[in-house]
Amino acid sequence: MGQRRRTDVRSRVPCPSDTQPFSPHTHSSTETPPDTHTRSSSMSGCHGYLQSRKHSICMVSDFFYPNMGGVESHIYQLSQCLIEKGHKVVIATHAYGHRRGVRYLTNGLKVYYLPLQVMYNQSTATTCFHSLPLLRCVFLRERITVVHAHSSFSAMAHDALFHAKTMGLNTVFTDHSLFGFADLSSVLTNKLLTVTLCDTNHIVCVSYTSKENTVLRAALDPDIVSVIPNAVDPTDFTPDPSCRDESKITVVVVSRLVYRKGIDLLGGIIPELCAKHPDLCFLIGGEGPKRLVLEEVREKYQLHDRVRLLGALDHKDVRDVLVQGHIFLNTSLTEAFCMAIVEGASCGLQVVSTRVGGIPEVLPDELVTLCEPTVSSLCVGLEKVIAKQRAGEVPSPASIHRQVQTLYTWRNVAERTEKVYDHACGQPVLPLPTRLRRLRSHCGAVAGSIFSFVAVIDFLFLLLLQWLWPDDLMDVALDATGPAGHYQQGFGKEESKDLNAARCAVADTRQLKC
Amino acid sequence: MAENEEFTDIRGKPIKLSCQDYSPFCREFTVSSAKLSLVRVMVFTCIVWLLAYAAFYLTQNTAVLSSAIFVTLCGMLLHVHFMKVDHETLLVVGSLGVQLSSTYASGRESTSFIEMSRIKDIVINEAIYMQTIIYYLCILLKDPAEPEGVGSVVPLFQSSKPRLNCLVRVYKSCQEILGQTERS
């Protein structure tokens, strides 16, 4: 994951001078009385938002821009669509190098880069307590009603779920990955997940297979787990038949070259098909330990001119590789929700894939040819598609693109997530004794007792913080987005609302001192 | 004419904001925090002296006692001279510039002046301060290399740290003057 910093000059700094009509009187009315307990104050804030059917959402994850990856773009796109629907969204993540403090992205999306210590692989150290003061401050000043945590690899997400429950807020969690049950690291992560999810109001998974996996890992009631698939940006993946070489048939493979992506299968398919079809060539993008297998095959069968290995690809280059091919091949052995085949189909390619994990759920039957994860089955499937391609029976790339572009859109994801928030907000927050009982009954005797102890300490720490730094001393932040958002009033209007146009535009001028 | 208003700082302690209008183009804001409290001085001195007596009891060395007297006196002087700020003043003169001065408890005064040509704007910003997130008022300075960009930021009222409602009050009056300057 290359850390890239994209700064966009187009985004203007939302200086309070021209955007935020400050009015001290509106603030005094929204402030809570001095002696009110946190729970009641947060509930009263919740009611205010519930009356307008809008939520005040805080997305928490260790992973956000400038770090690049699937979770990061998921959070960003989902937040943008929720803002468009009139909700208030803020994002809390840890500081990346000098990027710490408060920043604004496109359409007034506010990001808190909190100075928490990073431990391993961009994930913060978890002590269960040290993040409470800052997260409490964010939740209180933004009058958060729903805390939405992302990714089970993120320690900050787990911490936030725990603290949010201590503070009496509703929580939602999105799981982005499949996990094993056997090795030590998954056993430990699964235990942590059991503890943090045991009183989470609602959980979102990306496919039914992923839901099954999460329910088993975290010992959950399947009724509180929803499935909302990921989405792709159809405008990023458009077909362009002119890039193809029509004198031959090109098969494109874009994946990391690792065991679980089935590269060994690919190594078996290549010589068999190349022997049968002299005009077939392979274009392989991606890097990994299994590259050796492919190089070996290429060497052994003298296929240097027909099998091209492109090495690691940037996400922005993927489309340019995809449009060069006729057929997209995916040989994964396990997959939660395969984004690659949606991207391939969106570029107008014929898709051949293995029938594993959540893949059969992803595309309708006429757009994908599913095979068993064996060399022979995949060869049969590919030959069928090659024959169709030769006969000219395949639909045109443009028509495939038209069919795919409506399947997975971020607006649809946002709509469904909104329903999850409505549902979560309607549920009561467990008081401490019930919560402790639940922890002990759900998470086993030992881990349950340990974490009930941690929950009690967390609660006492919160009381201490409330005494040291009472809630009424914390200034309520002005809403940039949401029902009373100041960002759109006369400022954001001239800016295009297109999400792609100004993605990751960071107001860099807000230099903040810690 | 001067108006006095009561506000609180981010810790909940009362502070006083007084606005002095000299002319439509010239306004002075003074934020005064509470005076050095006698109780706190006494408590601090008592702690140091008790510790010194404990050390004296163990070591039987009178140098400990004399150094305790020295420490309390020096500590008090340093605190009064460099740490404790009584007043912070922001004087905005349209078309001329902004003068910032802070008066320490000892009477020492430190003043700096920023001419109008270097000032881009005065805004309210957010920052993470210790374990909390606060609003503060700051002056944005122009970058000499890039006239459109922001070179650096000068935070105002750094030691008194007023809350948002007080900052909004100062911000609005400052913008009135800056707006008049821009128009003319």
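Residues take numbers from 1 onward in each chain, read along the sequence in its written order. Here chains are named by letter from A upward and ligands by number from 1 upward, in the order in which they appear as written. Since the coordinates come from a predicted model, pLDDT governs what is reported: local features require at least 70, and pairs of side-chain atoms require 80 or more to be given and counted, while whole-chain, interface and lining totals use all residues. To get the side-chain values, take all heavy atoms of the structure and skip hydrogens and water.

1. Considering the overall build of chain B
Alright, step 1. Counting from the N terminus, the helices are the DSSP runs of H or I reaching at least four residues and the strands are the DSSP runs of E reaching at least two. Helix and strand counts for chain B come out as three helices and nine strands.
Alright, step 2. Taken from the N to the C terminus, the helices and strands of chain B come in the order β-β-β-α-α-β-β-β-β-β-β-α.
Alright, step 3. Relative to the globule expectation of 16 Å for 184 residues, the C-alpha radius of gyration of chain B, 21 Å, shows a markedly less compact shape.
Alright, step 4. Dimensions along the principal axes, computed over C-alpha positions, put chain B at roughly 75 × 40 × 30 Å.
Alright, step 5. Three labels apply to residues, based on accessible area from a 1.4 Å probe with only protein chains included: buried if under 20% of the type maximum, exposed if over 50%, partly exposed otherwise in between. Among the 184 residues that make up chain B, the fraction classed as buried is 43%.
Alright, step 6. Working rule for contacts: check all heavy atoms of both residues, and any pair within 4.5 Å makes them a contact. Long-range pairs, those at least 24 residues apart, make up 42% of the contacts in chain B between residues at least 6 apart in sequence.
Alright, step 7. Side chains of chain B carry 16 positive and 17 negative charges; the gap between the two charge centres is 7 Å. With C-alpha atoms as the basis for the radius of gyration, the globule rule is written as 2.2 Å multiplied by the number of residues raised to the power 0.38. A positive count includes Lys and Arg, and a negative count includes Asp and Glu. His and the chain ends are not counted in either. Here the site of a charge means atom NZ of a Lys, CZ of an Arg, CG of an Asp or CD of a Glu.

2. Section: unusual backbone geometry
Alright, step 1. Here the bond from Y65 of chain A into P66 of chain A is cis, since omega is 10°, no more than 30 degrees from zero.
Alright, step 2. Mapping P66 of chain A onto the fold places it in the loop between strand 1 (56-60) and helix 4 (70-84).
Alright, step 3. Of note, the phi angle at Q302 of chain A is positive, near 55°, even though the residue is not glycine.
Alright, step 4. Positive phi, close to 45°, is recorded for K161 of chain B, a residue that is not glycine.
Alright, step 5. With respect to the helices, strands and loops of the structure, K161 of chain B is situated in the loop between strand 9 (150-155) and helix 3 (164-183).

3. Considerations on a nonpolar patch on the surface
Alright, step 1. A contiguous nonpolar surface patch, about 400 Å² in accessible area, is contributed by V39, V43, I47 and L51 of chain B.
Alright, step 2. Take V39 of chain B: it is sitting in helix 1 (residues 38-59). Surface patches are drawn from residues lacking salt bridges whose relative accessible area is over 30%; two like charges belong together within 9 Å, two nonpolar side chains (Val, Leu, Ile, Met, Phe, Trp, Tyr) within 5 Å. Per-residue accessibility takes into account occlusion by the displayed protein chains alone, with areas from the Shrake-Rupley method and a 1.4 Å probe. The rule for a salt bridge is simple: a side-chain nitrogen of Lys or Arg has to be within 4 Å of a carboxyl oxygen of Asp or Glu.

4. Regarding helix 9 (residues 263-276) of chain A
For an α-helix the count is 3.6 residues per turn, leaving residues at separations of three or four pointing the same way.
Alright, step 1. Helix length check: helix 9 of chain A (14 residues) gives 21 Å between terminal C-alpha atoms against 20 Å at 1.5 Å per residue, within 8%.
Alright, step 2. Every buried residue of helix 9 of chain A is accounted for by I263, L265, L266, G267, I269, I270, P271, L273 and C274 of chain A. How far a helix is expected to stretch is found by multiplying one less than its residue total by 1.5 Å.

5. Details of the UniProt feature "domain: Glycosyl transferase family" (unreviewed entry) in chain A
Alright, step 1. UniProt positions are given in the numbering used here, feature names are shortened, and annotations may be inferred rather than shown by experiment. Annotation from UniProt places "domain: Glycosyl transferase family" (unreviewed entry) at residues 244-381 of chain A.
Alright, step 2. Annotated as residues 244-381 of chain A, this span is 35% helix and 22% strand, and its ends, taken at the C-alpha atoms, are 22 Å apart.

6. Observations concerning the pattern of salt bridges
Alright, step 1. Summed over all chains, the structure comprises 27 salt bridges over all chains.
Alright, step 2. Between R411 of chain A and E84 of chain A there is a salt bridge whose closest N-O contact spans 2.8 Å. Residue R411 of chain A is found in helix 16 (residues 410-425), and its partner E84 of chain A is found in helix 4; the two are separated by 327 residues along the sequence.
Alright, step 3. The structure contains a network of salt bridges with shared partners spanning K88, K110, R141, E142, R143 and D479 of chain A together with E126 of chain B.

7. Some words on the nonpolar core
Nonpolar side chains in soluble globular proteins tend to be buried together.
Alright, step 1. We define a nonpolar core as any set of buried Ala, Val, Leu, Ile, Met, Phe, Trp, Tyr and Cys residues linked to one another through side-chain atoms lying within 4.5 Å. Core analysis: the largest hydrophobic core is formed by 62 residues, its most contacted members being M59, F64, L82, L322, F328 and I341 of chain A.
Alright, step 2. When near neighbours in sequence (up to four residues on either side) are disregarded, I341 of chain A contacts F328, N330, V351, S353, I359, V362 and L363 of chain A.
Alright, step 3. If you look at the next biggest cluster of nonpolar residues, it comprises 33 residues, including I114, L137, L156 and Y171 of chain B.

8. As for the sheet that holds strand 9 of chain B
Whenever strands of a sheet pair, they do so through backbone hydrogen bonds, lying parallel or antiparallel.
Alright, step 1. In spatial order, the strands read 7-8-9 (chain B); together these three strands make up an open sheet with antiparallel pairing. Each edge of the open sheet carries a strand with a single partner, namely strand 7 (119-129) and strand 9 of chain B. Within this sheet the neighbouring strands show an average axis-to-axis angle of 40°, counted without direction.
Alright, step 2. Pairing between strands is defined by DSSP: at least two bridges between the two strands are required. As paired strands, strand 8 (residues 132-142) of chain B and strand 9 of chain B are joined by five bridges and run antiparallel to one another. Residue pairing across strands places I139 of chain B opposite V154 of chain B, the latter belonging to strand 9 of chain B.
Alright, step 3. Here, axes are lines fitted to C-alpha atoms. For helices the fit covers the stretch in contact, and angles between N-to-C directions go from 0 to 180 degrees. With respect to the sheet, helix 5 (residues 132-141) of chain A is in contact with strand 7 and strand 8 of chain B, its orientation differing from that of strand 8 of chain B by roughly 80°.
Alright, step 4. Helix-sheet contacts for helix 3 of chain B involve strand 7 and strand 8 of chain B, and the interaxial angle to strand 7 of chain B is about 165°.

9. Considering the pairing of strand 7 (residues 146-150) of chain A
All names here are of chain A.
Alright, step 1. Most of strand 7 sits out of view: five of its five residues are buried.
Alright, step 2. Burial along strand 7 is two-sided: V146, H148 and H150 facing one way and V147 and A149 facing the other are all buried.
Alright, step 3. Two elements, strand 1 and strand 7, share four bridges in a ladder whose sense is parallel. Bridged to I57 within strand 7 is V146.
Alright, step 4. Relative to strand 8 (residues 170-174), strand 7 runs parallel, the two being bridged by five bridges. From the neighbouring strand, V146 faces strand 8, where its bridge partner is N170.
Alright, step 5. Here, the term right-handed applies to a crossover whose path from the first strand over the helix to the second runs clockwise when the strands point away from the viewer. With helix 6 (residues 155-167) bridging strand 7 and the parallel strand 8, this β-α-β connection has right-handed handedness.

10. Some words on the sheet that holds strand 11 (residues 249-254) of chain A
Residue and element names in this part refer to chain A.
Alright, step 1. Here six strands make up an open sheet; going across it, the order is 13-12-11-14-15-16 and the pairing parallel. If you trace the sheet from one side to the other, it starts and ends with strand 13 (307-311) and strand 16 (368-371), each paired once. Strand-to-strand, the axes of this sheet are offset by a mean angle of 20°, without reference to chain direction.
Alright, step 2. Pairing geometry for strand 11 and strand 12 (residues 280-285), over six bridges, is parallel. Its bridge partner being in strand 12, V254 is matched across the sheet by G285.
Alright, step 3. Packing against the sheet, helix 10 (residues 291-300) makes contact with strand 12 and strand 13, and its axis sits at approximately 155° to strand 13.
Alright, step 4. Taken strand by strand, helix 14 (residues 375-391) contacts strand 11, strand 12, strand 14 (327-330), strand 15 (350-354) and strand 16, and its axis lies near 170° from that of strand 15.

11. Some points on the domain arrangement of chain B
All names here are of chain B.
Alright, step 1. For the domains described, the bounds stem from an automatic or database domain assignment. Partitioning chain B into domains gives domain 1 (5-36 + 84-183) and domain 2 (38-82).
Alright, step 2. The gap between the C-alpha centroids of domain 1 and domain 2 is 37 Å.
Alright, step 3. A simple way to read buried area is as the amount of 1.4 Å-probe accessible surface that goes missing from two parts once joined, with both sides added. When residues of domain 1 are sorted by the area they lose upon contact with domain 2, L36, K84 and R108 head the list and together hold 67% of the total.
Alright, step 4. In this structure, the connection of domain 1 to domain 2 is made through zero salt bridges.
Alright, step 5. Any pair of nitrogen or oxygen atoms within 3.5 Å is treated as a polar contact; in protein, a donor-acceptor pairing is required on top of that, and neighbouring residues in sequence qualify only through side-chain atoms on both sides. Here domain 1 and domain 2 share five residue pairs in polar contact (both at pLDDT 80 or more) between them.
Alright, step 6. Residue polarity is assigned by list, with Asp, Glu, Lys and Arg as charged and Ala, Val, Leu, Ile, Met, Phe, Trp, Tyr, Cys and Pro as nonpolar; anything else, Gly included, falls into the polar class. Taken together, the residues of the side of domain 1 that touches domain 2 sort by class into three nonpolar, one polar and two charged.

12. Structural notes on the UniProt feature "transmembrane region" (unreviewed entry) in chain A
Alright, step 1. When the UniProt feature table is mapped onto this chain numbering, "transmembrane region" (unreviewed entry) sits at residues 445-469 of chain A.
Alright, step 2. Annotation note: span residues 445-469 of chain A, helix share 96%, strand share 0%, distance between end C-alpha atoms 35 Å.

13. Thoughts on the packing of helix 12 (residues 339-346) of chain A against helix 15 (residues 397-405) of chain A
Residues and elements named next belong to chain A.
Alright, step 1. Orientation of helix 12 relative to helix 15, taken along the N-to-C sense of each, is 135°, at an axis distance of 8 Å. Between helix 12 and helix 15, the angle is such that the two are oblique. Two secondary-structure elements touch here, helix 12 through V342, A345 and S346 and helix 15 through I400, H401 and V404.
Alright, step 2. Split by residue class, the contact of helix 12 with helix 15 holds four nonpolar, two polar and no charged. Angular relationships are summarised with four words: roughly parallel below 35 degrees, roughly antiparallel beyond 145, roughly perpendicular across 65 to 115, and oblique for the angles in between.

14. Looking at the pairing of strand 6 (residues 109-115) of chain B
Residue and element names in this part refer to chain B.
Alright, step 1. Pairing of strand 5 (residues 97-104) with strand 6, which is carried by seven bridges, proceeds in the antiparallel orientation. Looking at the pairing, S101 lines up with T111 of strand 6.
Alright, step 2. Linking two consecutive strands that pair antiparallel, namely strand 5 and strand 6, is a turn of four residues; a positive phi of about 105° is found at G107 within it.

15. Topic: the UniProt feature "transmembrane region" (unreviewed entry) in chain B
All names here are of chain B.
Alright, step 1. Mapped onto this numbering, the UniProt entry gives "transmembrane region" (unreviewed entry) at residues 37-58 and 64-82.
Alright, step 2. End C-alpha atoms of residues 37-58 are separated by 33 Å, and the span's content is 95% helix alongside 0% strand.
Alright, step 3. Annotated as residues 64-82, this span is 100% helix and 0% strand, and its ends, taken at the C-alpha atoms, are 26 Å apart.

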